[in-house]
Amino acid sequence: MDSAAARDRISRLPDDLLHGILVRLRSTAAAARTSLLSRRWRHVWTQLPEIVFDNPHGPAADTVDAALARIHIHTAANNNNNSAPPALNRLAINFPHLQFAPFRIAPWLAFASRHLAGELSIRLARRRLQMEDEVDLPLMEKATSIHISSGHILLLPPSGSLFAALRTVSIAYARMDGQDMDCFGSSRCPRLQELYLWPVELVAVSDVSIRSESLQTLFYRADNTRPLEVVALKLCLLRAQGLSDSGRERSVPLQG
Amino acid sequence: MAAPESGDGNNGAARMVTLISSDNTRFEVEAAAASLSQTLQLTILDGGGGGGDGIPLPNVDSATLSKVLEYCIKHAPAAANGGAPNATAVDRAELERFDNEFVNIDQSVLYSLIMAAHNLEIEGLQSLVAKKVADMIKGKSPMEIRRTLGFPDPTPEEQAEMNAHMLEYGWAYE
């Protein structure tokens, strides 16, 4: 066997290379297990550029909460040391066969709002709707894409907030407020290029209007829409389906 | 196709460059292969590395460098095709077979390769080696990982610390 100095060479790699290894585990829980290896490894996993949860076994929501709490603590500690942690590029929470109450999801979205500069992906089982099933989507100024699939009533943040970096949004199976749809317009999402609402359901029959100077692709399938008005200068691909009888889409794909 | 003045090897003999390892061994390779390294590519585009000059690599020893170049030479043709859109399934299978064999090496070499791939900015090699180490960790308990990665046996102190952390990190084991 080699000498002690030659062993355990991996621990002497700089943090960013260890991150490159751990991120390929594609599982935040598995990465967190390396914190037990030695003191050197204690907090390495908390600074990974991607956070991924998709193991449906065990208490899924508790696992997510415990991990995010740890990451939050260490990120805050690092900020105090003025050593900027690497950016969080991706937060993925995928439990497509599990249902979660809104109070379980809210802290995950709050975490994304605070830390994420990249892609958010939350895929959960559809839930039989209850009146109190409202989930507030907080503002995520640095998010570049948001993918949400769940059966909740998804409320978008109030006007005045700006999703400055957002380029892609896909929402499936959620219920939404028709009035909220103007959130996807240029005044709130100035860089939005792709919007997939396929399928969603409006909580009440309502007119929907989306006015965007950046939107290129729109897939729209929302029950209870009447009518759908799309004003998008750069739109090249529009697919709309499931509009109520009087709800023909009136799209104005002007050539810009 | 218009040939750039520096010549990209489409006029007969391929352009060669010389790389010099930290222990002063000289390696002569095709510029196309060395250019898989983002760092070297800049120097080579500037016309460096030719003739008797050579590009010194003070952070890479000869054993590691020869391994790195083995990778670059094998991957250069595919990289030259811009990710090889016209590569056949056979070509790709052959590269995959090569990659699997390539990382089937002693751990100390693996870590030297990680460092070298990082310093030289060879993206494909970085991800290949990182994935290999990740696969060694995957699905193992901390004790198994320690053994796999050649950690010395924990002192009683370390063991106690690990046990305490194990309680704290119970959620990671579900």
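All of these numbers come straight from a predicted model, not from anything done at the bench.

**Student:** Just to check I follow, could you spell out the interface of chain A and chain B for this structure?
**Tutor:** It is common to give the size of an interface as the accessible area lost on bringing the parts into contact. Of the residues lining the interface, 34 residues belong to chain A; the matching set on chain B comes to 31 residues. Of the roughly 3100 Å² buried between chain A and chain B, counting both surfaces, carbon and sulfur atoms make up 67%. The largest contributions to the chain A side of the interface with chain B come from A:Arg33, A:Leu36 and A:Leu37, which together make up 23% of the buried area. Across the pair B:Glu161 and A:Arg39 runs a salt bridge, and its minimum N-O distance is 2.8 Å. For the interface between chain A and chain B, the tally reads 9 residue pairs in polar contact (both at pLDDT 80 or more). Those elements that place two or more of their residues in the side of chain A that touches chain B are helix H1 (15-22), helix H2 (28-33) and helix H3 (60-80) of chain A. Tallying contributions element by element places H1(A) first for the side of chain A that touches chain B, with 5 residues. Grouping the constituent residues of the side of chain A that touches chain B by class yields 16 nonpolar, 9 polar and 9 charged.

**Student:** When you look at the UniProt feature "domain: SKP1 component dimerisation" (unreviewed entry) in chain B in this model, what are you seeing that I'm missing?
**Tutor:** UniProt's feature table lists "domain: SKP1 component dimerisation" (unreviewed entry) at residues 124-163 of chain B, given in the numbering used throughout. Within the segment residues 124-163 of chain B, helix and strand shares are 72% and 0% respectively, and the terminal C-alpha atoms sit 38 Å apart.

**Student:** Hey, could you run me through the UniProt feature "domain: F-box" (unreviewed entry) in chain A in this one?
**Tutor:** When the UniProt feature table is mapped to this numbering, "domain: F-box" (unreviewed entry) covers residues 10-48 of chain A. The span residues 10-48 of chain A carries 36% helix and 0% strand; its end-to-end C-alpha distance comes to 17 Å.

**Student:** Help me understand the confidence of the model for chain B in this model?
**Tutor:** Reading predicted coordinates in detail is not appropriate for stretches of low pLDDT. Residues and elements named next belong to chain B. With 89% of its residues at a pLDDT of 70 or more, chain B has an overall mean of 88. Averaged pLDDT values over the elements of chain B bottom out at 90 in helix H8 (residues 156-168) and peak at 96 in helix H6 (residues 123-137). Long-range and interchain partners of residues 1-10, a stretch whose pLDDT sits below 50, account for 5 contacts in this model, where long-range means more than four residues apart. Quick note on the complex model: pTM equals 0.88, ipTM equals 0.88.

**Student:** When you look at the sheet that holds strand E1 (residues 16-20) of chain B in this model, what are you seeing that I'm missing?
**Tutor:** Picture the strands of a sheet paired through backbone hydrogen bonds; they go either parallel or antiparallel. Residues and elements named next belong to chain B. Judged by pairing direction, the sheet is mixed, and its 3 strands sit side by side in the order E2-E1-E3 without closing on themselves. Across the chains shown, the open sheet's two edge strands, defined by having one partner strand only, are strand E2 (26-30) and strand E3 (55-56). By the bridge criterion, 5 bridges tie E1 to E2 in an arrangement that is antiparallel. Paired with leucine 19 across the two strands is phenylalanine 27, which belongs to E2. This element, helix H3 (residues 62-80), spans E1 and E2 of the sheet and lies at about 5° to E2.

**Student:** Where do I start with the nonpolar core in this structure?
**Tutor:** Considering soluble globular proteins, one finds that nonpolar side chains tend to be buried as a cluster. Ranked by internal contacts, the top residues of the largest apolar core, which has 115 residues, are A:Ile10, A:Ile21, A:Met176, A:Phe184 and B:Leu125. Take this core: its biggest share by element is 8 residues, from H6(B). Dropping the residues within four chain positions of it, A:Met176 is found in contact with A:Leu154, A:Leu156, A:Ile171, A:Met181, A:Phe184, A:Leu197, A:Val200, A:Glu201, A:Leu202 and A:Val203.

Procedures and definitions
Residues numbered from 1 in each chain as written. Chains lettered and ligands numbered in written order. Predicted model: local features only at pLDDT ≥ 70, side-chain atom pairs only at ≥ 80, totals over all residues. Heavy atoms only, no water. Contact = heavy atoms within 4.5 Å. Buried area = accessible area lost by both parts, 1.4 Å probe. Salt bridge = Lys/Arg side-chain N within 4 Å of Asp/Glu carboxyl O. Polar contact = N/O pair within 3.5 Å; in protein donor to acceptor, adjacent residues only side chain to side chain. Helix = DSSP H or I, 4+ residues; strand = E, 2+ residues; numbered from the N terminus. Nonpolar A, V, L, I, M, F, W, Y, C, P; charged D, E, K, R; others polar. UniProt positions renumbered as here; feature names shortened; annotations may be inferred. pLDDT = per-residue confidence, 0-100. Pairing = 2+ DSSP bridges. Axes fitted to C-alpha atoms, helices over the stretch in contact; angles between N-to-C directions. Core = buried A, V, L, I, M, F, W, Y, C linked by side-chain atoms within 4.5 Å. Buried < 20%, exposed > 50% of the residue type's maximum accessible area, 1.4 Å probe, protein only.

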